[in-house]
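What follows is the residue order along each chain.
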Amino acid sequence: MPASRNLLFVMSDEHSRKVLGHAGHPVIRTPTLDTLAARGTSFDCAYATSPICVPARASVATGRYLFESGYWDNADAYDGATPSWHHHLRDAGHPVVAIGKLHYQGPECDYGFSDVRLPMFVPNGTGDILGLLRDSPRERSGARKLAETAGPGESDYTRYDRAITAEAIRWIRQDARKQSAPWVLFVSLVAPHFPLIAPPEFFDLYADLELPLPKLYDTSERPKHPALDFFRDTFAYDRYFTGPDHVRRALAAYYGLVSFVDDNLRQVLHALEESGLAGDTDVLYTSDHGDNLGARGLWGKSTMYEESVGVPLVLSGAAYVARGRQQAPVSHIDITPFMLGHFGLADDAADQPELVRRRSFATPVSEERPVVSEYHATGSHSASFMLRQGSCKLIWYVDGPPQLFDLASDPEELHDLGTDPEHRQTLARMHDLLLRVLDPRKVDTRAKARQAELRQRVGGDAAILASADYGYSPVPREALT
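Residues numbered from 1 in each chain as written. Predicted model: local features only at pLDDT ≥ 70, side-chain atom pairs only at ≥ 80, totals over all residues. Heavy atoms only, no water.

1. What to know about the pattern of salt bridges
Inspection of every chain in the model, using the stated rule, returns 46 salt bridges. Arg-162 is the partner of Glu-201 in a salt bridge, and the nearest nitrogen-oxygen pair spans 3.7 Å. Taken together, the positions of Glu-201 in helix α7 (residues 200–203) and Arg-162 in helix α6 (residues 156–174) put the pair 39 residues apart, joining distant regions of the chain. Among the residues examined, Arg-162 registers a relative accessible area of 32% and is labelled partly exposed. Between Lys-178 and Asp-175 there is a salt bridge whose closest N-O contact spans 3.7 Å. Connected via shared salt-bridge partners are Arg-17, Lys-18, Lys-215, Arg-296, Glu-306, Glu-307, Lys-393, Glu-412 and Glu-413. (Salt bridge = Lys/Arg side-chain N within 4 Å of Asp/Glu carboxyl O. Helix = DSSP H or I, 4+ residues; strand = E, 2+ residues; numbered from the N terminus. Buried < 20%, exposed > 50% of the residue type's maximum accessible area, 1.4 Å probe, protein only.)

Here it is as structure tokens:
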């Protein structure tokens, strides 16, 4: 890849890869992303390294799984200590400009950016400390808010995204041509993350549709599993929906927020066109994780189902013309070698496990290459791990029965094969493969030891219980003025 092309990297928050027009969603309107995918490459099997914001974003930066980097949860944010692709590119002379949500530790750290504008860091530099109390179930405050506020309107998050987009356009028009080397513009939006309040012009795209209810939504259909039951008790989102029309209102708001993201991307791309930079700039789009969106009675993220752990990933530019939809599993750790390779820099990941070593998705990847995701955060007693290889998907719980799915015959994960005697050999093979990558119990022990350390650092469990439950991170006030 010649090092003469700029890169626009747009990341959203909580966008499920199933909610895309080019992915076959029956109602969503994402014309900008669909056009990018048609011109370039989309990845149908892209995964977050963790289905929760802070550790997922640390992996995007570092190209490391959680079990490698130790950024376990929403109270253990990236601090710049592990080198990022931002550091490497900046050190090589390439401007790396970040606008919007980072969810890193705080402004005092060096994350490798040349310029940072309107950043969102974790609250108070400590993040979600309530999530450190994993064995003390407590209903999180965001549960009631998600249902009660769902509908049309403006929130601090939509206003923040408008400010981010305006600042990105300003940078393109005023500063992009002043750069002395090819640049990266990292535009990080916060939608469609809840609150599920969508600007009316986007909510109205879906408000009058007879939207289908989420799959396995009826209480009689929902899968029974101790880890899922504990998660539902902690994030009791569904408890506050009053009926099917209320659920449809929440769906319309989420879809409206996805279309809102798509429109913000359209505006940024238009600025590139107007500035004469579109022909010299490639585009990468992804999200930090997905959203269950009511499937199985689950809302938010934090599970290993495809809706939650799967992410959109679209790549468009001169070298990626019309490569179409790719089926090989890829991971957010692969962003690091892609970013380095795009600017002609080598990547050294020799210390990573060979089976899951990061590799650039700019070149073909084997469909048998395994990818991993982990969860060590609030709503779980112990760790859960996902291993995807080919069409086979294992979800391994440290303290619970495993789940197994064949995504070729069952892409909607309706039939758990984890306890099916006929699939015992497949389960054993996938478990052995996971053990070749990591030891689940040892990783779980390491994560809990770090969380115990952080609990003491912030004053102990009593202080944590007395702290505020944000529900979602507050917006930097300067973004709304």
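2. Focus: the sheet that holds strand β5 (residues 115–120)
Taken in spatial order, the eight strands of this open sheet run β5-β4-β7-β1-β9-β10-β2-β11, and their pairing is mixed. Lying at the two open borders of the sheet, with one neighbouring strand each, are β5 and β11 (324–326). Here the average twist between neighbouring strands, direction ignored, is 15°. With five bridges connecting them, strand β4 (residues 96–101) and strand β7 (residues 184–192) associate as parallel partners. Of the residues in β7, the one forming a bridge with Gly-100 is Ser-188. (Pairing = 2+ DSSP bridges. Axes fitted to C-alpha atoms, helices over the stretch in contact; angles between N-to-C directions.)

3. Points about the packing of helix α1 (residues 31–39) against helix α9 (residues 244–274)
Where α1 meets α9, the axes come as close as 7 Å, and the angle between the chain directions of the two elements is 60°. Taken together, α1 and α9 sit at an angle that is classed as oblique. Contacts between α1 and α9 involve Pro-31, Thr-32, Leu-33 and Leu-36 from the former and Asp-262, Leu-265, Arg-266 and Leu-269 from the latter. Of the residues contributing to the contact of α1 with α9, the split by class is five nonpolar, one polar and two charged. (Parallel < 35°, antiparallel > 145°, perpendicular 65-115°, else oblique. Contact = heavy atoms within 4.5 Å. Nonpolar A, V, L, I, M, F, W, Y, C, P; charged D, E, K, R; others polar.)

4. Structural notes on the layout of surface pockets
Here the largest pocket defines a volume of roughly 850 Å³. Around the largest pocket, the lining is made up of 41 residues, and of these Lys-18, Val-19, Lys-215, Glu-307 and Glu-412 lie nearest the centre. Of all elements in the fold, only β2 (41–43), α9, α10 (306–309) and β10 (313–316) reach the threshold of two or more residues within the lining of the largest pocket. Of the residues that constitute the lining of the largest pocket, the class distribution is 21 nonpolar, nine polar and 11 charged. Lining the second largest pocket are 33 residues, and of these Asn-74, Asp-128, Arg-140, Gly-471 and Tyr-472 lie nearest its centre. Residue classes in the lining of the second largest pocket are distributed as 16 nonpolar, 13 polar and four charged. (1 Å grid on protein atoms, 1.4 Å probe; cavity = no way out; pocket = protein on both sides within 12 Å on 5 of 7 lines; lining within 4 Å. Points joined across faces, edges and corners; volume = space filled by probe spheres on them.)

5. What about the sheet that holds strand β13 (residues 371–375)?
Taken together, the four strands give an open sheet; going across it, the order is β13-β14-β15-β16, and neighbouring strands pair in antiparallel fashion. Strands at the two margins of the open sheet, each flanked by one partner only, are β13 and β16 (403–406). Here the average twist between neighbouring strands, direction ignored, is 15°. Pairing of β13 with strand β14 (residues 384–389), which is carried by five bridges, proceeds in the antiparallel orientation. Opposite Ser-373, over in β14, you have Met-386 as the bridge partner. Relative to the sheet, helix α12 (residues 424–437) contacts β13, β14, β15 (392–397) and β16, its axis offset from that of β15 by approximately 70°.

6. Digging into empty space enclosed by the protein
Considering all chains together, one arrives at three cavities of 30 Å³ or more under this definition. A volume near 60 Å³ is recorded for the second largest cavity. What lines the second largest cavity is Met-11, Arg-57, Val-60, Trp-85, His-86, Lys-101, Leu-102, Tyr-104 and Phe-186. Elements represented by at least two residues in the lining of the second largest cavity include exactly α2 (53–62) and α4 (85–91).

7. Remarks on the pairing of β16
Relative to β16, β15 is paired through four bridges, and the arrangement is antiparallel. In the sheet register, Ile-395 faces β16, and the bridge partner there is Gln-403. Linking β15 back to β16 in an antiparallel pair, the connection comprises five residues.

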